[in-house]
Amino acid sequence: CSWLWLRSDPPALRPAVPAGLLAALHLLQLGFFFRCLYALKVGWKVCWAKAEEEDEQRRMAFISHDISMLRLFETFLENTPQLTLLLYIILRTNKAELSQGLGMGTAFLCVSWSLLDYHQSLRSFLQDKYELSPGSSIIYFLWNLFLICPRILALTLFALLWPYGVAVHFPLVWLAMFLWVSLQGTEFMESPGAEQLYRAVVAVILYFSWFNVARGSTLHRSIIYHGFMLVDSTLLGLAWLWGRAPEEEEHSYLIPVVSAALPCYLLGLGLRVTYYKWLHPNVQVWQEGRYDEVDASGGGDGVEFHSFLKPDLVNRRMQWLAQTHFSLSQPAQQHFLNGAAAV
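Remember, it's a predicted structure, so these values are computed and weren't measured experimentally. (Residues numbered from 1 in each chain as written. Predicted model: local features only at pLDDT ≥ 70, side-chain atom pairs only at ≥ 80, totals over all residues. Heavy atoms only, no water.)

Caption draft 1: A look at the overall build of the protein chain. Along the backbone of the protein chain there are 12 helices and 2 strands. Taken over 343 residues, the protein chain has a buried fraction of 48%. The long-range fraction of contacts in the protein chain, counting pairs at least 24 apart against all pairs at least 6 apart in sequence, stands at 74%. (Helix = DSSP H or I, 4+ residues; strand = E, 2+ residues; numbered from the N terminus. Buried < 20%, exposed > 50% of the residue type's maximum accessible area, 1.4 Å probe, protein only. Contact = heavy atoms within 4.5 Å.)

Following this line, the structure appears as C-alpha cells:
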C-alpha cells in the first residue's frame, strides 16, 4: 500500500529511485523508513537552501502529511497486531519481564499518539488554524487510549482459549468493515485497484479503532461503529469467562482486569462526548458564527484551507481526507491544498 502511495506522488516529489528498488524497499518493510529519510533530506534543504526555500517548504509540508498517514497505517498494520501478540505471549507463559511491560505500555501510548498526530495533521489544513488546545489534545489522546486498551485485551483473552478462533473472527469482522467502507464510498487513490487496497487497510484500522472515511455527519456512523465494537468486545470477554475452567487459578488475576474493561471503554466514550461537546475547536468556531467540521449543524460559509500556487505540489490524498473531515467553502474548493504543518 505504501509503495502504491509513493508511486502516486507528483513528479516533483517522486524520489529518484528505480521502481524495482522502491518495491524491494517496501517488501522489506522499509517504505516508511525510506519516506522519513526523504523527509530529512528535504528538511535539510529547507534549512540551508535560501533561493528555493519556499518550494522546499511546500515539499516538506507535503511529505509531513504523508508521513502522518503512513505512520497511522504502520501502527495498525504492524504495531497493534504485534502488541496483541506480545500480550498473548505474556498471558500464555504467565511470565513478564520489566522490559516487556515497559515496551507494552509504550506501545499502547504510541497507538493513541498516532491517532492524535494524524488528527492534528488534518487540522493543519485549516486556514484559520483552529488547532487543538493542550487540554483538547490530552482528552483526544485519552479517549482513544481508553477505547483501544479494552479492545486489544478482549482479542487477547479470546485468543488465549481459542487461538484458531481469531483466524475466524478477524476475517469476518474485517469483511464487515470492508463492506461498510465500500458502501460509504472513498476516492483516496488514483486507480480502482489501489482504492480497494486502501479500503482493505482502513478495514484493518476499523478492526481496532474508529476511522472516518466519509463526508457528512459522523454521529450516526460513530454510534453504529462503537455499538458494534462494544457488543463484539463484550462477547469476546464473556467467551473467555465462560470457557476458562472454574478451578483454574493461573489467570484468576485477570478477572478484575476484565471487569474493569467495560468501565474503561465507557469512560473512553464519555471522554469522546466531552471532547466533542466542550473541548472541540468547533466550540470556538460556533462562538464566532462559523463552522468547522462537516458534522456541525447549520450552514455558513465554512472555513478555508491553506493554499499554495503550484498544482503539482498538491497533496491530493490529504486534501481528500481533509475534505472528508472539514467543510469547504465554495471559493476554497478552487484552491490548491497542501497544509502547513511543516512550515
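Caption draft 2: Structural detail: helix H8 (residues 192–208). In this model, H8 (17 residues) spans 25 Å end to end at C-alpha, consistent with the 24 Å of a helix rising 1.5 Å per residue. Burial of H8 is extensive: 13 of the 17 residues sit out of reach of the surface. (Expected span 1.5 Å × (residues − 1).)

Caption draft 3: Representation of the pattern of salt bridges. Using the criterion set out here, one finds 2 salt bridges in the structure. A salt bridge links Arg71 to Asp117; its shortest N-O distance comes to 2.5 Å. Of the two residues, Arg71 is situated in helix H4 (residues 53–93) and Asp117 in helix H5 (residues 98–123); the sequence distance between them amounts to 46 residues. (Salt bridge = Lys/Arg side-chain N within 4 Å of Asp/Glu carboxyl O.)

Caption draft 4: Main features of the UniProt feature "transmembrane region" (unreviewed entry) in the protein chain. Sequence positions flagged by UniProt for "transmembrane region" (unreviewed entry) are, in local numbering, residues 20–40, 101–118, 138–161, 168–185, 197–214, 223–241 and 253–271. With 100% helix and 0% strand, residues 223–241 has end C-alpha atoms that lie 27 Å from one another. (UniProt positions renumbered as here; feature names shortened; annotations may be inferred.)

Caption draft 5: Molecular detail of the nonpolar core. If you look at the biggest cluster of nonpolar residues, it comprises 64 residues, and the most contacted ones within it are Tyr198 and Phe211. Listing elements by their share of this core, those giving two or more residues are H4, H5, helix H6 (134–161), helix H7 (166–184), H8, helix H9 (219–243) and helix H10 (254–279). Considering every element that reaches this core, the biggest residue donor is H6, with 15 residues. Excluding its chain neighbours within four sequence positions, the residues that come into contact with Phe211 are Met69, Leu72, Tyr118, Tyr198, Val202, Ile205 and Leu206. (Core = buried A, V, L, I, M, F, W, Y, C linked by side-chain atoms within 4.5 Å.)

Caption draft 6: Here's a closer look at the environment of Leu40. Relative to the elements of secondary structure, Leu40 occurs in helix H3 (residues 31–48). It is 9.9 Å that separates the C-alpha atoms of Leu40 and Ile63, two residues lying 23 residues apart in sequence.

Caption draft 7: Layout of the packing of H6 against H9. Closest axis-to-axis distance for the H6/H9 pair is 8 Å, and the angle between their directions is 35 degrees. Regarding H6 and H9, the two cross each other, and that crossing is left-handed. Between H6 and H9, the contacting residues are Leu147, Arg151, Ala154, Leu155, Leu157, Phe158, Leu160 and Leu161 on the first element and His226, Met229, Asp232, Ser233, Leu236, Ala239, Trp240 and Gly243 on the second. Its residues placed into classes, the contact of H6 with H9 shows 11 nonpolar, 3 polar and 2 charged. (Axes fitted to C-alpha atoms, helices over the stretch in contact; angles between N-to-C directions. Left-handed = near helix turned anticlockwise from the far one by under 90°. Nonpolar A, V, L, I, M, F, W, Y, C, P; charged D, E, K, R; others polar.)

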